[in-house]
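# Survey of secondary and tertiary structure
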Amino acid sequence: MTSSFSRRSFLGLSAAGAMFGISSCAGFSGGGGGNSDGDRSGGSASLDVSWWGDASRAALYDEALDLFGETHSDVTITSQFADLDPYLERLATTAAAGSLPDVLWMRDTHIGRYAAAGSLLDLSPYLDEVIGTSALGDAGVASGTVGDGVFALPTHYVGQAILTNDDLLAAKGIDPNGLVTWTDLADAATASADGAAGIWGLQDATLDTTHRHLEAFIRQSGGELFTEGGGLGADPALLEEWFEYWKSLRDAGVVPPADTTTEANATGWSGDLLTVGKSTIRLASTNHFKIVQDLTDAKIGLHSVPAAAGSTNDWWFFPPILLSVAAETGSPDAAAALMDFFINDTDAAAITRLNQGAPSSAAVRESLIPLLNEEETAFVDQISIEMEYPSRPFPIRPEGAEQFNSALTRTGEEIAYNQRSVSEAVATLVSEAHGYLPEA
Amino acid sequence: MTALLPTRRIRPDVDADAGPRSRTSRPVKLLLHLVVITAGAVMIYPLLWMIASALKPEAEIFAEPGLWPNTFTWENFSTGWMALGIPFSTFFLNSFVIAAISVVGNLFSCSLAAYAFARLDFRFKKTLFATMLATIMLPFHVTLVPQYILFQSIDWTNTYFPLVVPKFLAVDAFFIFLMVQFIRGLPRSLDDAATVDGCGPFGVFWRVILPLMRPALAVAAIFTFIWTWNDFLGPLLYITDRALYTAPIALNAFLDSTGATSWGPMFAMSTLSLLPLFLVFLFAQKHLIKGIATTGLK
């Protein structure tokens, strides 16, 4: 058998491949930009900044970083981003290697774990010296406090809300402003559901990937999802009541069956039942209001989460979008200055606007108002109004909180797919949670 | 030990199968075809849906989930191409460079390793072979963090070195195993003849084994290309500079799971990024089937 695969051609091919790659690709230039060992001669600093999101968010934040660079010409800045799940995966790996990006956006669900592991810088020495916190208030600083240190500060807040399709509600003669209690919500949903037209009254919140509304429901009763010590704080009876509420609406045909919800959830906001006009009400985050309104021609309404009858009045809470500095950063001073920039600088906020939520600083929110359109103003107003209400402290998520969050989704699925009764599913949820959450 | 077993010729399996099949009656044949075609249509539907969605205006994708677009538009392609501020061709080129070097590396290193395991005698050969096979069963995630720390400590993050250098060190045990199986099927008398003519172990490899291994090399090359082209986690961890992104990482930049994903541009660019794989598979299909049929991996 003769072969054209001679040694000469083989060697030639590999050499050509290698030369081609090395000569044409910056990927082989070595060193790499960004990380803490970058060029720092002459007292200049280098910062690698990291956030989650897509390319459109990256364009805004890069523009803001350019603005920071104008006044901090001695700081070399690089940035990186990825969608939330890959972002968290990269964070976990780089944290294990001790090479976290210098400045990084942090989830409130993860701050407890990263701070306890010593991956983040204690910002206490910089507070009020470099990073202004007067516009954040004590609650803002508390949201990044783990143990004795402050390991993060909020740049933005999101809140819980209900979104309504006001056109569909008006056609049924229902006033969207009347959804004050959970019973009101169920009644309005039942009245607005229209099986013949393929319109559901309310979307299933138990199958969402986060369960902030359940947490609101628990806080309204005076309890907490987690105890101070990080254990499970929720009363099992209350958990049952929550799942029972959704089950009865699902059984009545007001809330769509599990497979419809699962299919719609897989498409994100573009295919959401509210966006495509197939449901009248859904629970959401406050910042989802603008996303949904931008995707549909129908008039979307934004309202506070309903309260339970006899609810506490200080249940309000606002999950923070946090910003942290890596413990091993080579330029802590520049990193702190950049944090202050993202929290307090009104020019930066004019670029990033409401992309991650409502700015945490009341002053920055105020400065943005003239730049905003009607929906954006409604969103900021909603958060500002709710923040005026009394709110008792919101405990830091303990280690195991993410696992409990996924367990809640799984419990919701088991019930929605009729694999288990509510009491069985909740009993399993609670007994398993005692295994991975600290006893407290 | 197995390498010392008597050599055997490649069996003409195809002919043995042809007999009974030709006796199958016409209606049964028709029915079988129908089943296969239906199954094929079901499998290809998501792909067709993606291509159709790439050609629809974004608002129509989920509102009109059928296959045929009401409004036909190329807009998703033009917005997607420049969505990251860098033309998508850069990401394709990056992916291609990594895939091409990986193919060269895997063919070179795995074939040498396979030759050693199949033909040469050395101490602890069986133990080493078993260890090598065991690495197939080791989940990627186990070595992820130590590997990252290693490459981080030699300052290789944000370069392509962590993605391609290991390929030159025969780390893909699957390909080594595949090639070992193939080499074991080659008659030993050829090696002996070459040795009589004055070839050393490397000469035998280079002049006899390697040219005969072409089907196995083709399989390894194709799979390496496909796996490297599709690899997400590796580039995600090591590449953070946007100009160095590979196609899958660039596609991820369309996703915003906390907000509104740009589905249209993402489908458009996904469609384009499938083309190289499709072409590779189309042109290499013959070699792939030949390679799989002759390496004992049926």
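Residues numbered from 1 in each chain as written. Chains lettered and ligands numbered in written order. Predicted model: local features only at pLDDT ≥ 70, side-chain atom pairs only at ≥ 80, totals over all residues. Heavy atoms only, no water.

### Let's talk about the overall build of chain B
Assigned secondary structure in chain B consists of 15 helices and zero strands. Relative to its 298 residues, chain B shows a buried fraction of 45%. (Helix = DSSP H or I, 4+ residues; strand = E, 2+ residues; numbered from the N terminus. Buried < 20%, exposed > 50% of the residue type's maximum accessible area, 1.4 Å probe, protein only.)

### Thoughts on the sheet that holds strand 11 (residues 320–325) of chain A
Residues and elements named next belong to chain A. Strand order in the open sheet formed by six strands is 2-1-3-11-6-12, and the pairing between neighbours is mixed. What marks the edges here is a single partner per strand, and that holds for strand 2 (75–82) and strand 12 (358–359). Where helix 3 (residues 84–96) meets the sheet, it contacts strand 1 (45–52), strand 2 and strand 3 (103–107), and its direction lies at approximately 115° from that of strand 3. (Pairing = 2+ DSSP bridges. Contact = heavy atoms within 4.5 Å. Axes fitted to C-alpha atoms, helices over the stretch in contact; angles between N-to-C directions.)

### As for the interface of chain B and chain A
Interface size is commonly expressed as the accessible area that is lost once the parts come together. The interface of chain B with chain A comprises 51 residues on the first partner and 50 residues on the second. When the two sides are added together, the surface that chain B and chain A hide from each other amounts to roughly 4300 Å², 64% of it contributed by carbon and sulfur. The three residues of chain B that bury the most area against chain A are W206, R242 and T258 of chain B, which together make up 14% of that side's buried surface. Applying the counting criterion to the chain B and chain A interface returns one salt bridge. For D62 of chain A, the salt bridge is made with R242 of chain B, and the minimal N-O distance between the two is 2.5 Å. (Buried area = accessible area lost by both parts, 1.4 Å probe. Salt bridge = Lys/Arg side-chain N within 4 Å of Asp/Glu carboxyl O.)

### Re the sheet that holds strand 10 (residues 300–303) of chain A
Residues and elements named next belong to chain A. Pairing in this open sheet of four strands is mixed, and the strands run 8-9-7-10 from one edge to the other. A strand with exactly one partner marks an edge of an open sheet, and here the two such strands are strand 8 (200–202) and strand 10. Across the sheet, the axes of successive neighbouring strands diverge by a mean angle of 25°, strand direction being ignored. When strand 8 meets strand 9 (residues 279–285), the two strands line up parallel, connected through two bridges. Across the sheet, L202 pairs through a bridge with I281, a residue of strand 9. Along the sheet, helix 11 (residues 288–295) contacts strand 7 (160–165), strand 9 and strand 10; its crossing angle with strand 10, the most-contacted strand, is approximately 170°.

### What to know about helix 8 (residues 212–220) of chain A
All names here are of chain A. Across the nine residues that make up helix 8, a large majority, nine, are buried. For helix 8, the full list of buried residues reads R212, H213, L214, E215, A216, F217, I218, R219 and Q220. The secondary structure elements touched by the buried residues of helix 8 are strand 7, helix 7 (182–192), helix 9 (236–251), strand 9 and helix 16 (401–416). Downstream of helix 8 by a residue or two, G222 has a phi angle that is positive, lying close to 95°.

### Structural notes on empty space enclosed by the protein
Residues and elements named next belong to chain A. In the structure shown here, the tally under the stated rule is four cavities of 30 Å³ or more. Along its surface, the second largest cavity is lined by Y61, T155, H156, F341, F342, I343, A348, A349, T352, P359 and V364. Looking at the lining of the second largest cavity, the elements that each hand over two or more residues are strand 6 (153–157), helix 12 (332–344) and helix 13 (346–352). Across the lining of the second largest cavity, the residue classes break down as eight nonpolar, three polar and no charged. (1 Å grid on protein atoms, 1.4 Å probe; cavity = no way out; pocket = protein on both sides within 12 Å on 5 of 7 lines; lining within 4 Å. Points joined across faces, edges and corners; volume = space filled by probe spheres on them. Nonpolar A, V, L, I, M, F, W, Y, C, P; charged D, E, K, R; others polar.)

### Considering the packing of aromatic side chains
Between two aromatic rings, the relevant description is the distance of the centres plus the angle of the planes. Under the defined criterion, the tally for this structure stands at 46 aromatic pairs over all chains. Ring geometry for F88 of chain B and F254 of chain B: centres 6.2 Å apart, planes at 20°, overall stacked. Here F88 of chain B is found in helix 5 (residues 88–119), whereas its partner F254 of chain B is found in the loop between helix 14 (247–252) and helix 15 (263–294), with 166 residues between them in sequence. Seen in terms of ring centroids, W263 of chain B and F267 of chain B are 5.8 Å apart; in terms of plane orientation they differ by 25°. Their pairing is stacked. Placement of both W263 of chain B and F267 of chain B in helix 15 is noted, with a separation of four residues, approximately one turn of the helix. Assessed through its relative accessible area of 9%, F267 of chain B is described here as buried. Here the basic side chain of R107 of chain A rests over the ring of W52 of chain A, its NZ or CZ set 5.2 Å away from the ring centre. Over the aromatic face of F129 of chain B sits the side chain of R184 of chain B, whose NZ or CZ is 5.4 Å from the ring centroid. (Phe/Tyr/Trp six-rings, centres within 6.5 Å; stacked < 30°, edge-to-face > 60°. Lys NZ or Arg CZ within 6 Å of the ring centre and 35° of its normal.)

### Describing the confidence of the model for chain A
Residue and element names in this part refer to chain A. Here chain A shows a mean pLDDT of 88. Residues at 70 or above account for 90%. For residues 9–13, every residue scores under 50 in pLDDT, and the model assigns this stretch four contacts once sequence neighbours within four places are set aside. Ignoring residues within four places in sequence, the model shows residues 31–42, a span with pLDDT below 50, making 25 contacts including any to other chains. (pLDDT = per-residue confidence, 0-100.)

### Here's the deal with the domain arrangement of chain A
All names here are of chain A. Segmentation of chain A into domains returns domain 1 (43–157 + 320–388) and domain 2 (160–316 + 400–436). Relative to domain 2, the C-alpha centre of domain 1 lies at a distance of 29 Å. Counting from both sides, the interface comprises 14 residues of domain 1 and, opposite them, 12 residues of domain 2. Between domain 1 and domain 2, the buried area comes to about 1200 Å², and carbon and sulfur atoms account for 56% of it. Residue E376 is joined to K290 by a salt bridge in which the shortest nitrogen-to-oxygen separation is 4.0 Å. For the pair domain 1 and domain 2, the interface holds five residue pairs in polar contact (both at pLDDT 80 or more). With seven residues, helix 15 (residues 374–388) is the single largest residue contributor to the side of domain 1 that touches domain 2. Residues that form the side of domain 1 that touches domain 2 fall into these classes: three nonpolar, six polar and five charged. (Domains from an automatic or database assignment. Polar contact = N/O pair within 3.5 Å; in protein donor to acceptor, adjacent residues only side chain to side chain.)

### Observations concerning the environment of K125 of chain B
Residue and element names in this part refer to chain B. Position of K125 relative to the elements: it lies in helix 6 (residues 125–137). By relative accessible area, K125 is classed as buried at 13%. A distance of 3.1 Å separates the side chain of K125 from the backbone oxygen of F117, its partner in a polar contact.

### What about the layout of surface pockets?
Residue and element names in this part refer to chain B. By volume, the second largest pocket is sized at about 990 Å³. As for the second largest pocket, its lining consists of 33 residues, and the residues nearest its centre are F140, Q147, K167, V171 and D172. Elements with a minimum of two residues in the lining of the second largest pocket: helix 5, helix 6, helix 7 (140–153), helix 8 (161–164), helix 9 (173–184), helix 12 (214–230) and helix 13 (233–238). Considering every element that reaches the lining of the second largest pocket, the biggest residue donor is helix 7, with five residues. Residues belonging to the lining of the second largest pocket are distributed by class as follows: 21 nonpolar, nine polar and three charged.

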